[in-house]
Amino acid sequence: MAGEIPDFHAEVRTGTGKGAARQARREGYVPGIVYGGGAEPLSINIKYNTLLNRLKKGRFLQTLFNLKVEGQEDVRVICRGVQRDVVKDLPTHVDFMRLRRTSRVNLFIHVTFENHADAPGLKRGGTLTVVRPEVELDVLAGEIPDHITVDLTGKNIGDVIHIQDVVLPEGVVPTIDRNFVIANISAPSGLRSADNEETAEEA
């Protein structure tokens, strides 16, 4: 059930200290460090454009990556910090933390909806309004779900779907400790207009 974890490529950075980091930046790289997981810290260089493109996609700090470094075993990591230039707001250093398969991590997981044909509200012309297309969940690094599923069977116009209405995979829990809304089935615009007219006439 685990979702596909994106690869993230880096190179080993030779040399240490500010001098090596400055040299990396001059050559079009962003220096970084990989730590944790019971192993020694590893100094890396990441191609500047690769990092910038990934940052622009969003949720960089909530995405689990498969870090690929030549000469090293692949390892699952999550970013724990991006230092930026105070003037240009561009990345100057990245910190990654290694994760064991038994580590727990907060990630945004996609929400899918099934059995649209079995929802009376949708058959009557209602609209499925998705409030949260993704939900932040506390998951095991070794068992990350590709998505969570909302069953629309029996849902009528006016029904609201909360996180507690969803059957989550074993060991997966929401990061927010309240029963937040994921979606609802709203009335078709024509029906809403008719209701509004009736209300206006009664008033």
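Residues numbered from 1 in each chain as written. Predicted model: local features only at pLDDT ≥ 70, side-chain atom pairs only at ≥ 80, totals over all residues. Heavy atoms only, no water.

Caption draft 1: Spotlight on the overall build of the chain. Broken down by element type, the chain carries 4 helices and 13 strands. A compact globule built from 203 residues would reach a C-alpha radius of gyration of about 17 Å, whereas the chain, at 23 Å, exceeds it by more than 25%. If you line up the chain on its principal axes, its C-alpha atoms span 80 × 40 × 25 Å. Looking at the 203 residues of the chain, the share that counts as buried comes to 36%. Of the contacts formed within the chain by residues at least 6 apart in sequence, a portion of 65% connects residues at least 24 apart. (Helix = DSSP H or I, 4+ residues; strand = E, 2+ residues; numbered from the N terminus. Rg over C-alpha atoms; globule rule 2.2 N^0.38 Å. Buried < 20%, exposed > 50% of the residue type's maximum accessible area, 1.4 Å probe, protein only. Contact = heavy atoms within 4.5 Å.)

Caption draft 2: Spatial organisation of the packing of aromatic side chains. A complete count under the given rule lists 5 aromatic pairs for this structure. Between Phe8 and Phe96, the ring centres sit 5.6 Å apart and the planes meet at 55 degrees, which makes this aromatic pair tilted. With a gap of 88 residues between them, Phe8 in strand β1 (residues 7–12) and Phe96 in strand β6 (residues 91–98) connect regions that are remote in the sequence. Assessed through its relative accessible area of 3%, Phe8 is described here as buried. Owing to a relative accessible area of 0%, Phe96 belongs among the buried residues under this scheme. An angle of 45 degrees between the planes, with centres 5.4 Å apart, marks the rings of Phe60 and Phe65 as tilted. Accessibility expressed as a relative area gives 5% for Phe60, which makes it buried. Joined through ring pairs, the aromatic side chains of Phe8, Phe60, Phe65 and Phe96 make up one cluster. Positioned above the aromatic ring of Phe180, the side-chain terminus of Arg132 is 4.3 Å from the ring centre. (Phe/Tyr/Trp six-rings, centres within 6.5 Å; stacked < 30°, edge-to-face > 60°. Lys NZ or Arg CZ within 6 Å of the ring centre and 35° of its normal.)

Caption draft 3: Inspection of the confidence of the model for the chain at higher detail. Taken over all residues, the pLDDT of the chain has a mean of 87, while the share at 70 or more is 92%. Across residues 196–200, confidence stays below pLDDT 50; counting only partners more than four residues off in sequence or on other chains, it has 0 contacts. (pLDDT = per-residue confidence, 0-100.)

Caption draft 4: Local environment of the environment of Glu40. Inspection of the secondary structure puts Glu40 in the loop between β2 (29–35) and β3 (42–47). Of the residues examined, Glu40 reaches a relative accessible area of 65% and is grouped as exposed. Those residues in contact with Glu40 that sit more than four places away from it in its chain are Val34 and Arg98.

Caption draft 5: Focus on the sheet that holds β3. With respect to topology, 6 strands assemble into a closed barrel ordered β1-β3-β2-β6-β5-β4, the strand pairing being mixed. Direction aside, neighbouring strands of the sheet carry axes that sit 45 degrees apart on average. Along the sheet, helix α1 (residues 17–26) makes contact with β2, β3 and β6, crossing β2 at roughly 135 degrees. Against the sheet, helix α2 (residues 48–56) contacts β1, β2, β3, β4 (64–69), β5 (75–84) and β6, and its axis sits at roughly 80 degrees relative to β3. (Pairing = 2+ DSSP bridges. Axes fitted to C-alpha atoms, helices over the stretch in contact; angles between N-to-C directions.)

Caption draft 6: Quick peek at the pairing of β3. Most of β3 is tucked away: 5 of the 6 residues are buried. As defined by bridge partners, β1 adjoins β3 across 2 bridges and the pair is classed as antiparallel. Each residue of the ladder has a partner; that of Val12, found in β3, is Ile44. Across 6 bridges, the pairing between β2 and β3 is antiparallel. Across the sheet, residue Gly32 finds its bridge partner in β3, namely Ile44.

Caption draft 7: Layout of the sheet that holds strand β13 (residues 181–186). Taken in spatial order, the 3 strands line up as β8-β13-β11 in an open sheet, and their pairing is antiparallel. Edge positions in the sheet fall to β8 (127–130) and β11 (160–162), since each has one partner strand and no second. Going across the sheet, the axis of each strand differs from the next one's by a mean of 15 degrees, ignoring polarity. Where β11 meets β13, 3 bridges bridge the pair, whose relative direction is antiparallel. Its bridge partner lying in β13, Val160 is registered against Asn184.

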